[in-house]
Amino acid sequence: MALPNERRSSESPGEESAPFIPGTDDASNLEKESLLLPSRQGQPWRRLRYLSFHAVLILLYTVVFVVFTVRKRGCGAPLLQDLSLYSPVEQVIQYETRPVDGLAEGSVYAGYPRAESETAWKSLMDGTNIKLYHDEMDKLNETSLKMRDGSGSLAVLGVYHELHCVKRLRKWFYREYYYPNQTELEFNERMTHAEHCLEFLRQASMCHGDTTVTSFKWLHDAQGHAIEPTTKEGALHRCVKWDSIQTWARSRRVDLFDPHLLAPEHAGGGSGGR
């Protein structure tokens, strides 16, 4: 009777071979070959099954990774939900890295109202109201007010809504200049609009969730003494190239105050996408 640590030689049946000693290189290689690598000469289908099994495992791990990543980024969004939203302008948008400093001094958009600033703001807002075509509205699965000529529907890009709110808050900040003789009713209406804009910008900021890291420095008084920490200006941000949006928006621009622009409310479903 053969001992447990002995093996038979395949070349000489009945003849005992050298003792099998676990841990030796030859034994380890033999064990690896017998457990992991099916014989190429014996049964090829076993090798195919082996490769298929590992391919399935790789695919499974990939799916698990994608699901975990999407759910983490989506903050509890439905499983494997595509978080991107269609916008017709996406195909032309370009990006760049540039500093954002927030310094009002020297900005044509800030400071006390003057002819230069009014011209700059008017140019900046040019392209607010735009026309979207029927196929674009279909992709959005959305409806809006239709053009009288049937060519498309009225829309506005989110960034222009945000800029509109910045402009409204600026006008409210300088309301003695813009609304010197406003009535109590006008005051309340504009205050309500300003509150709307403040809340809209709050939500928009949280929605965009800018993750740019800004560092700090000491703020000094006139004598050079450190008073308190303050943020450094000019941190680099990943920004949309404004020209890429504005050029597209201006090409779709419509005059909202044109009395012949929109179809009447009850003329064939004036709020439909088509």
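*Asks:* Where do I start with the overall build of the chain in this structure?
*Replies:* The helix and strand tally for the chain stands at 8 helices and 6 strands. By the burial criterion, 22% of the 274 residues in the chain qualify as buried. Taking the intrachain contacts of the chain between residues at least 6 apart in sequence as the baseline, contacts between residues at least 24 apart amount to 60%. As displayed, the chain offers around 20,600 Å² of accessible surface, 57% of which is attributable to carbon and sulfur atoms.

*Asks:* Where do I start with helix 3 (residues 115-124) in this structure?
*Replies:* Structural remark: α-helix, 3.6 residues per turn; residues separated by three or four positions point the same way. Every buried residue of helix 3 is listed here: Ser 117, Ala 120, Trp 121 and Leu 124. Taken down its axis, helix 3 places every buried residue within 95° of arc, on the same side. Turned more than 90 degrees away from the buried face of helix 3, the exposed residues are Ala 115, Thr 119 and Lys 122. Where helix 3 is buried, its residues touch helix 5 (158-173) and helix 8 (242-251).

*Asks:* Quick question: what am I supposed to make of helix 7 (residues 184-208) here?
*Replies:* Counted at 1.5 Å a residue, the expected span for helix 7 with its 25 residues is 36 Å, and the 36 Å between its end C-alpha atoms agrees. Within helix 7 the residues assigned to the buried category are Ala 194, Cys 197, Leu 201 and Ala 204. In the stretch just after helix 7, Gly 209 is the one whose phi turns positive, near 55°.

*Asks:* Quick question: what am I supposed to make of the nonpolar core here?
*Replies:* What tends to happen in soluble globular proteins is that the nonpolar side chains get buried as a cluster. Membership of the largest hydrophobic core is limited to 11 residues, which are Val 89, Ile 93, Ile 130, Leu 132, Met 137, Ala 155, Leu 157, Tyr 160, Ile 245, Trp 248 and Ala 249. Those elements that place two or more of their residues in this core are strand 2 (130-132) and helix 8. Broken down by element, this core gets its largest block of residues, 3 residues, from helix 8. One finds Trp 172, Tyr 174, Tyr 178 and Ala 194 within the second-largest nonpolar core, a separate group that totals 5 residues.

*Asks:* Any chance you could explain the packing of helix 5 against helix 7 here in plain terms?
*Replies:* The N-to-C vectors of helix 5 and helix 7 enclose an angle of 135°; their axes lie 9 Å apart at closest approach. It follows from the interaxial angle that helix 5 and helix 7 lie oblique. Crossing handedness for the pair helix 5 and helix 7: left-handed. Residues His 161, Glu 162, His 164, Cys 165, Val 166, Arg 168, Leu 169 and Trp 172 of helix 5 form the contact with helix 7, whose participating residues are Phe 187, Arg 190, Met 191, His 193, Ala 194, His 196, Cys 197, Leu 198, Phe 200, Leu 201, Ala 204 and His 208. For the contact of helix 5 with helix 7, the residue count by class is 12 nonpolar, 5 polar and 3 charged.

Criteria and cut-off values
- Residues numbered from 1 in each chain as written.
- Predicted model: local features only at pLDDT ≥ 70, side-chain atom pairs only at ≥ 80, totals over all residues.
- Heavy atoms only, no water.
- Helix = DSSP H or I, 4+ residues; strand = E, 2+ residues; numbered from the N terminus.
- Buried < 20%, exposed > 50% of the residue type's maximum accessible area, 1.4 Å probe, protein only.
- Contact = heavy atoms within 4.5 Å.
- Areas by Shrake-Rupley, 256 points an atom, 1.4 Å probe, with all protein chains shown as cover.
- Arc of directions from axis to C-beta.
- Expected span 1.5 Å × (residues − 1).
- Core = buried A, V, L, I, M, F, W, Y, C linked by side-chain atoms within 4.5 Å.
- Axes fitted to C-alpha atoms, helices over the stretch in contact; angles between N-to-C directions.
- Parallel < 35°, antiparallel > 145°, perpendicular 65-115°, else oblique.
- Left-handed = near helix turned anticlockwise from the far one by under 90°.
- Nonpolar A, V, L, I, M, F, W, Y, C, P; charged D, E, K, R; others polar.

Shape descriptors only; they carry no functional weight alone.
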